[in-house]
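# Coordinate inspection notes
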Amino acid sequence: MIFSENGLLSKSPDFEYRAEQQQMAGAVAEALDEERCLVVEAGTGVGKSLAYLIPAVEYALREGKKAIISTHTINLQEQLVGKDLPIVQKLLPEPFDVALLKGRQNYLCPLRLRRAMDHGGDLFTSSEREELMEIWKWAEATRDGTRSDLDFEPSLKVWLQVCSESHSCTQRICGPRGHCFFQEARKRAQSARVIVVNHSLFFSLLNPEEELLENDSGFLVPNDFVIFDEAHTLEAVAAKALGLRLSQSGLRFDLQRLYHPKTKKGILKYAKAERAMEWIERLLDEADDFFESVGEAVSFGQWAKECRVRQPELVENTLANPLRECWSAIEDVAEELEDESRKNELMDSARRLREMHGGLKMFLDQEDGGSVYWVEKGGSEGTSYILNAAPVNVAHRLRSLLFGQEKICIATSATLGTGDNQLQYFRERVGANHVPAVRIGSPFDFEKQMSVYVIKSMPDPRDEDYEEMLIHWIERVLIKTEGKAFVLFTSHRLLRSVAESMEDFFDERGWTLLVQGTGMQRQKMVERFREDINSVLFGTESFWAGVDVPGEALSNVIITRLPFAVPDHPLTAARLEEIEAEGGNAFMEYSVPEAVIKLRQGVGRLIRTKKDQGMVVILDNRVVTKRYGKSFLAALPPAPVKIIS
């Protein structure tokens, strides 16, 4: 056995026998051999990546199948491709290829870049042409050819003019020329035994229109199976992927790429297409009027960015005809062009306008009765609008899509359940009710490594002195560990207010305060936090999960409030209503389990290795004053809990 104390893995100097890892590998291997689905929760420190990769690759090689590994975060993708899969390649006697596949628009298309350079004067302003030159220089040296390999962030307008697009960067056009980064990635994926993707790309590739990997059966390619790591995000990603999002700024951006009335630049300028340019100008004006009428037809709450739309025909569809006329004019221009690549590019633009037309109709008519519809404020000033729709219940769709008969799908994460061994809540939310579940604990000794403190004297958040008391306790707790803490919030507004009030506290002690939302990228913030031993990081949503800081740098995790989802977000509200309509208790069946899982993720930031030690402080007394509070404490790792009055 590879994972046993004297197995193949034991030859590695970094190997540490973990019974939990061996148990998980056995469960995954058994599910694959029996060609069935499986749900696995594996606690922090199990080493789950190797526990599913080794049996997955062995099975793929033995049966001539392809393994699709899907993650939620880029960090885990890079870990799998750069660290874990090379270990598997060394361990197994039979060689195999691995391909990391990103979304098409991540890749540079050299043919489109060359054409952009040739016609830059018609397409770009002088500053944009400078960016284009930088991309041209980079293209001569890059081996990766993806935007993440660039040492600067190009403007979206410039990048979208040179990246791969489905109709202008095809196998027929770019494939034979060679040196097309996307087509090369596509070829590697078709020949590889293991393909690594992210969840969003996975769902987009299920769209038969993409035909990225020439799939006739299976998920993405014939004869494949899929393993979802970080599977706790599946419901959220699926709802977004299976829904609708039409943005005012997105439409304006697409139109101005074709022709920008102010700069007089764009593809249509190069094509000298006067009639089409006139229609672009008209459609830009019509779009502003349409979205302005949308803004007037809805009413946002004081702090709300979303407003639910419960009835069809929110406003008159004044964009239907201009969109039709515009795409017809663009198609007429395309038909006259001899340049096949440029023709395909215009046809691609016309297709996007057709999709906008269809999406508008779907939103205004509320065609899908199983979806919820809402308008969202967009832009930094909240002066543009986005039309959204999402299925209320993705379980019905995922049941056959992922967990149907003759499918092999394994879903795993450190936090799938609410403390029950059957992981019932997760399985119901993603349509895996019939799928066997395995819950594997962590090899860490939480009794010795971690302490949990609950501050019972914290007032209700609605009380006048709530923020003052919150600051008081955060200060007391930070002094205890001399910083070295994540302070996790559920509200951006409260985070900013507390950070501002505590500036003097941090200055007096010479501790660095890193605050989410102040312009620094998330990964940069984490790096700074690791390097500065006494620093403190204030974070919201994205810092509750997917952040790994082992060692002394993170010795304290402060939970400011139980992470209940905002009940007035349209999608959350619709899910609660659906449960109530079916006679259930929405709070106990949805709100509490969701918050329990989120709390587990936040607490899970603390202990990342067997050497880590620290404390978790919960500044929300509901875990001891409310009946449902027991659910939160019961779901935490088995560490001593102390109630502070």
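This one's a predicted model, so the numbers in the text were calculated from it and none came from an experiment.

## Overview of the confidence of the model for the protein
- In this model, the protein carries an average pLDDT of 91, and 97% of its residues clear a pLDDT of 70 or more.
- Per-element confidence in the protein ranges from a low mean pLDDT of 74 for helix α5 (residues 120–123) to a high of 98 for strand β16 (residues 556–559).

## Quick look at the nonpolar core
- Ranked by internal contacts, the top residues of the largest apolar core, which has 112 residues, are Phe202 and Leu268.
- Discounting chain neighbours no more than four positions away, the residues touching Phe202 are Ile68, Ser70, Val197, Phe219, Leu220, Val226, Phe228 and Leu402.
- Counting residues in hydrophobic clusters, the runner-up holds 39 residues, among them Phe3, Leu32, Ala42 and Ile408.

## Structural notes on the pattern of salt bridges
- Applying the stated criterion across every chain yields a total of 37 salt bridges.
- Salt-bridge contacts for Arg112 lead to Glu165; the nearest nitrogen and oxygen are separated by 3.7 Å. Within this pair, whereas Arg112 is found in helix α4 (residues 110–118), its partner Glu165 is found in the loop between α7 (156–160) and α8 (181–191), the two being separated by 53 residues in sequence. Like Arg112, the residue Glu165 is buried in the burial classification.
- For Asp548, the salt bridge is made with Arg608, and the minimal N-O distance between the two is 2.7 Å. With Asp548 in the loop between β15 (536–539) and β16 and Arg608 in the loop between α24 (586–603) and β17 (614–618), this residue pair connects regions lying 60 residues apart in the sequence.
- Exposure remark for Arg608: the relative accessible area of 22% places this residue in the partly exposed category.
- One network of salt bridges, with partners in common, ties together Arg112, Glu165, Asp254, Arg257, Glu345, Asp348, Arg351, Arg352 and Glu355.

## A closer look at the pairing of β15
- Burial along β15 is two-sided: Val536 and Phe538 facing one way and Leu537 and Gly539 facing the other are all buried.
- In the sheet, strand β13 (residues 485–488) pairs with β15 via four bridges, with the strands oriented parallel. Note that in β15 the partner of Leu488 across the bridge is Gly539.
- Sheet topology note: the strand β14 (residues 513–515)/β15 ladder contains three bridges and is parallel. Each residue of the ladder has a partner; that of Leu513, found in β15, is Val536.
- Of the crossover connections in this fold, the one passing from β14 over helix α22 (residues 522–531) to the parallel β15 is right-handed.

## Concerning the sheet that holds strand β5 (residues 224–228)
- Spatially, the seven strands line up as an open sheet ordered β3-β4-β2-β5-β10-β1-β11, and their pairing is parallel. Sheet topology places β3 (98–100) and β11 (437–440) at the edges, where each strand pairs with a single neighbour. Averaged over all neighbouring strand pairs, the angle between strand axes comes to 20 degrees, with direction disregarded.
- Here four bridges tie strand β1 (residues 38–42) to β11, and the two strands are oriented parallel to one another.

Cut-off values and rules
Residues numbered from 1 in each chain as written. Predicted model: local features only at pLDDT ≥ 70, side-chain atom pairs only at ≥ 80, totals over all residues. Heavy atoms only, no water. pLDDT = per-residue confidence, 0-100. Helix = DSSP H or I, 4+ residues; strand = E, 2+ residues; numbered from the N terminus. Core = buried A, V, L, I, M, F, W, Y, C linked by side-chain atoms within 4.5 Å. Buried < 20%, exposed > 50% of the residue type's maximum accessible area, 1.4 Å probe, protein only. Contact = heavy atoms within 4.5 Å. Salt bridge = Lys/Arg side-chain N within 4 Å of Asp/Glu carboxyl O. Pairing = 2+ DSSP bridges. Right-handed = clockwise from strand over helix to strand, strands pointing away. Axes fitted to C-alpha atoms, helices over the stretch in contact; angles between N-to-C directions.

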